[in-house]
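# Coordinate inspection notes
Here is how the chains run, residue by residue.
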Amino acid sequence: MHPRGLLTGFSRCLRALLGLENRVRLAACLLAFALVLGIALQTWASVASIRRDALENARSLNEKVVTGDEARIRQTLAAIDTALGVIVQDVQSNPRYSHTDLVRRMGSLRLDPAQRPVITVADSRGRVYAVAAIGISDPEPLGSLNVGDRDYFLRQRDSQSDALQIGVPLMTRRFKVVAMPITRKILAADGSFGGVVTLSIRPDTLSTVGSARAPEHNSVRAVLTREGRVLIRQMGDQLSYGDDVSKSQLFKNVDTNAVGSFIGPSAVDGVVRLRSYRLLEPYGIVVLSATGQEAVLAGTSGHVQGVLLAGGTAITLCLLVLAVMQNTMRRRRNHLLGMARMASREVFLLGQIPVMFLFARVEEAGCVVFKCNEHLLRTLERSSAEVLGQPLQRLLPGLDPAAWPGDAAAPRQLQTPSGKTVYVMVTVSQANSFVQAGDVVTASEGGEAFCISLTDVSQSVELKRSLFTKDLNFQRLLDVLPEHIRIFDSQEVLVWSNFNAIEYFGMGQDTSGITLASLRHRIHAGDLAPLLAGRNRLMKTGRAQEAMEARLQRFDGVYRWFSIRLASMLDEAGSVQKTIAICTDIDDRKRMAEHAALSQRLETTGQLAGGMAHDFNNLLSIIIGNLDLARLSVRDPEQGRQLSVALGAAERGANLVKSLLTLASQQVLQPVVADINAMLGAMLPLLLHAVGPRVRVSQVLHADASLVLVDVARMESCLLNLAVNARDAMPEGGSLDIAVDMQDQWHAGQRVDYVCIAIADTGQGMPDAVQRRALEPFFTTKERGRGTGLGLAMVAGFVHQSGGQLDIASEVNVGTTITIRLPVCQQNALLPAHAAGQPQPQPQPQPCAGTILVVDDEVDIANLVAGWCRNVGYRVHLAHGVEAAIQVLRTHRIDLVVSDVVMPGRLNGFDLVEFVTEEFEGTRVLLMSGYSREAIVQEGAQSFPMLFKPVRQTEFVNAVAALMSAQAPGADPLLQRALATTSRILLPSSSATNLPT
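In short, a report on the structure. (Residues numbered from 1 in each chain as written. Predicted model: local features only at pLDDT ≥ 70, side-chain atom pairs only at ≥ 80, totals over all residues. Heavy atoms only, no water.)

## Focus: the overall build of the protein
Scanning the protein from terminus to terminus reveals 26 helices and 35 strands. Of all 997 residues assigned to the protein, the portion counted as buried reaches 43%. In the protein, 59% of the contacts between residues at least 6 apart in sequence involve partners at least 24 apart. With an accessible surface of roughly 53,400 Å², the protein has 54% of that area assigned to carbon and sulfur atoms. (Helix = DSSP H or I, 4+ residues; strand = E, 2+ residues; numbered from the N terminus. Buried < 20%, exposed > 50% of the residue type's maximum accessible area, 1.4 Å probe, protein only. Contact = heavy atoms within 4.5 Å. Areas by Shrake-Rupley, 256 points an atom, 1.4 Å probe, with all protein chains shown as cover.)

## Some details on the sheet that holds strand 24 (residues 695–700)
Each strand in a sheet pairs with another by means of backbone hydrogen bonds, the pair being arranged parallel or else antiparallel. Read across the open sheet, the five strands follow the order 24-26-27-29-28; overall the sheet is mixed. Every other strand in the sheet has two partners, leaving strand 24 and strand 28 (805–811) as the edge strands with one partner each. Between one strand and the next, the sheet's axes are offset by a mean angle of 20 degrees, whatever the strand orientation. Where strand 27 (residues 750–761) lies against strand 29 (residues 815–823), eight bridges are found, and the strand directions are antiparallel. The residue of strand 29 that forms the bridge with Ile 757 is Ile 820. Here helix 17 (residues 676–691) sits on the sheet in contact with strand 24, strand 26 (734–747), strand 27 and strand 29, set at roughly 175 degrees to strand 24. On top of the sheet, helix 20 (residues 791–801) reaches strand 28 and strand 29; it is set at about 140 degrees to strand 28, its chief contact. (Pairing = 2+ DSSP bridges. Axes fitted to C-alpha atoms, helices over the stretch in contact; angles between N-to-C directions.)

## Describing unusual backbone geometry
Cis geometry marks the peptide bond from Glu 281 to Pro 282, where omega comes out at 10 degrees. Relative to the helices and strands, Pro 282 is located in the loop between strand 11 (272–280) and strand 12 (285–292). Notably, Glu 492 is not glycine yet its phi reads approximately 65 degrees, a positive angle. Phi is positive for Asn 813, close to 65 degrees, though the residue is something other than glycine. By the element assignment, Asn 813 lies in the loop between strand 28 and strand 29. Look at Asn 813 and you get exposed, because its relative accessible area is 68%.

## Topic: the packing of aromatic side chains
Summed over the entire model, instances satisfying the criterion amount to seven aromatic pairs. Ring centres 6.3 Å apart and planes at 65 degrees place the aromatic pair Phe 262 and Tyr 277 in the edge-to-face group. Here Phe 262, found in strand 10 (residues 259–265), pairs with Tyr 277, found in strand 11; they are 15 residues apart in sequence, far enough to count as distant. In this pair, the class of Phe 262 matches that of Tyr 277, namely buried. With a centroid separation of 5.7 Å and an interplanar angle of 55 degrees, the aromatic rings of Tyr 504 and Phe 505 are classed as tilted. This pair shows no difference in class: Tyr 504 is buried, exactly as Phe 505 is. Aromatic rings pair up to connect Tyr 504, Phe 505 and Phe 562 into one cluster. (Phe/Tyr/Trp six-rings, centres within 6.5 Å; stacked < 30°, edge-to-face > 60°.)

## What about a nonpolar patch on the surface?
A grouping of Phe 33, Leu 37 and Leu 41 is seen on the molecular surface, where their side chains present a nonpolar patch of about 320 Å² in accessible area. Inspection of the secondary structure puts Leu 41 in helix 1 (residues 3–93). Residue class for Leu 41 comes out exposed when judged on its relative accessible area of 51%. (Patch = residues over 30% accessible without salt bridge, like charges linked within 9 Å, V, L, I, M, F, W, Y side chains within 5 Å. Salt bridge = Lys/Arg side-chain N within 4 Å of Asp/Glu carboxyl O.)

## Notes on helix 18 (residues 712–728)
For helix 18, which comprises 17 residues, the first-to-last C-alpha distance of 25 Å matches the rise-based estimate of 24 Å (1.5 Å per residue) to within 8%. Of all the residues in helix 18, the buried ones are Arg 714, Met 715, Cys 718, Leu 719, Leu 722, Ala 723 and Ala 726. (Expected span 1.5 Å × (residues − 1).)

## Brief notes about the side chain of Gln 156
Positionally, Gln 156 belongs in helix 3 (residues 151–158). Given the relative accessible area of 0%, Gln 156 is considered buried. Contacts of Gln 156, omitting those with residues within four sequence positions, involve Ser 161, Ala 163, Gln 165, Thr 183, Arg 184, Lys 185, Phe 193 and Val 196.

Structure (structure tokens):
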């Protein structure tokens, strides 16, 4: 019989045996699976029963605790209710009930001293007129103690019932301890609300909550109100009061059942607890006892572990028996497979394996192929005739088996007839050392045979090419990223950098030999230590480090801020193989953050200055006004001089307020049409005197410079301030150049023309750090006592308030140039008229006759203004609030209302103006305020005449006379100019035509 027939029969027997064995193995596996499943289900049922019993025991314990607390609370509240009832009867029977009566009654009440009871009696307005406490026979005087704003007082006042009410614990105003107020309503003789009597006790004496440590950390004991406020809650050793937990699951259950238990997460800390609760009526109190589910189940861990151990042992035994059976069958199967492998060795070697084999022997014509397997023919798309008997060089060009060194390192490229490219790894061996001589290989006499194996590695080659392409694309991607990426090996040698990292340091493409040590001088000295410490931590732990900020020096010497993250690449042993440094440029971001912080500080300072200005202006109004009145009545010259000195000091205080408002860009300005050339020409002598003889001053004026709308006095003060700063920057002398020019800029698509004033000195200049902070309030580089740091800040505030811009350009040892840009005035018909060079007409007020209503919550200011009015012949009515002013208007005929803007209460000065305009036609209005112009304009005062405090008597009298003598203030130019003569006036908007008359 042919050997292949014997092999086929043997294979059929083998498959039959294996099939029988597989059925036995399947049955054994099913039996073992059934046993394991049964044991697992029984174990699970036992564990569930243990945990269920533990939770039931915990629930029973919680219910006992709740029941005990309920009895104690009801007993305590019943005693307190009796005591409060006695005091209520005493108060109702004694209209003159006093502190002494309460102290006397306190001794007869049976109250527990451990509760630290304190009884207070308050009338219907909340004023406490009696207090008594155990251990205090004569407490301190009550003073102005009032509980009218307390929640428990308001609830009793609004309640329809006189039942006992329990309040949320709070800090007592008198004894400074946490107490729980329990109140009863006191009814007056007519049945109305007559006050409350309150008994305050320690919250932890109401029940057992807080009197002892909770059983364990996650247990909770609590007493709560029906509305969800915590009277007392104990978690471990910690007590808490007053929290609002009305949204928790507890009160959803209380709405359904007054008594119950449930399991759920806590709304406070999220811990899952078993809760038992009980609602105590009629007091509206919920008693709660909760035990952490995790703690309850932890107590059963020993029992559960025993059950799991028994079940695991049984399952292990089943699996062990199954493993023994499997091992026995595997041995039998391997024995049969070994026999089959020996029988099919030739077929497997030459026909079935995926490796291509061919055999060649050396003949006279060269090395000739005499045998190959089918896999080689299929792969190379050739027939047996095209391979067998053919020279080896035709199939594998350039291959000399006799000179083969062993395994080739590089794959060979073969071309199939269809044009397909196949990459193979070639291995050559002596035929007699690879295959036994016989029916497989028959060497020629005197010849030498070789076995050549060809392994198809086409997929591997394509994969490497694909990975190379992806790696190249990835490297290009890293090159275009804005981050700087550097990779160092374990010896701190730079192995790779992306393009931005190379360009920043100016290293060139060749980075070989660069180490971390050679780059340390590029790291700012102040940032080197934290970076090295972070790298040391990375080398020890291998974990990526949090981002650190450091300054790195660019190739041109400039330092920029970077955010640096350090990561690592680990080898198979977990050791750090390479270190990756990813540097992100955050220099621009930090500069923006610094500018934002500066803007915020300026805004905060402005808000503070604006708030201070109102109070200072009110105080200065009283001082200046009364000094004016006193100076008129003094005959002694010495006293008059002293009053003038005091008045001058008050005026300087008013100027200080103006400076603060200028810093906050909220100063009330008096802009006029001004010629910058003329202003500078007039200021030249003053500037020369201010800078001294060592500084040469020059002016370059622009002949066609346009007019600007600016507060001339403030502008002159700013120019003088800048000149003095320039003088201080040139202690050895120098030059101060002032130039005027015209510029234009585009804003929101519109062209805006500016008049530019550049003040340039040849002084010391400012470094970048100082220049960035130059406009900060109170920042100065001068010696202590020589500068306040407000000069440039106030200049910037004034320029911005005037609608202009301020720029600073400075270079150390060269000088500083400060440029002010003011927008060109677009119209000439602006107030006051004397700004255009015309003489100032004086208002011609009518005789001082009429009735004036003065409205101000500040009594001193109201009396001062009323005195001014009476001194010139007006009749005056006073009102200290808007409501009182309305009553006066309804009962008297008023010609002029002089009102403050901001006053306590629901209504302010604007509301009063609206009322007068609608109800009293013919009554004029003049507003006064200590706030800034911008703050008042935002509130809507741009339609009414207004004086800004502090105001002088003459300014006020002129404004009142102009208003009293005009029929239409918004349309009378004489009135406009009369009001404009004051230095702190806000005129109505020129576009407003419906002003009050």
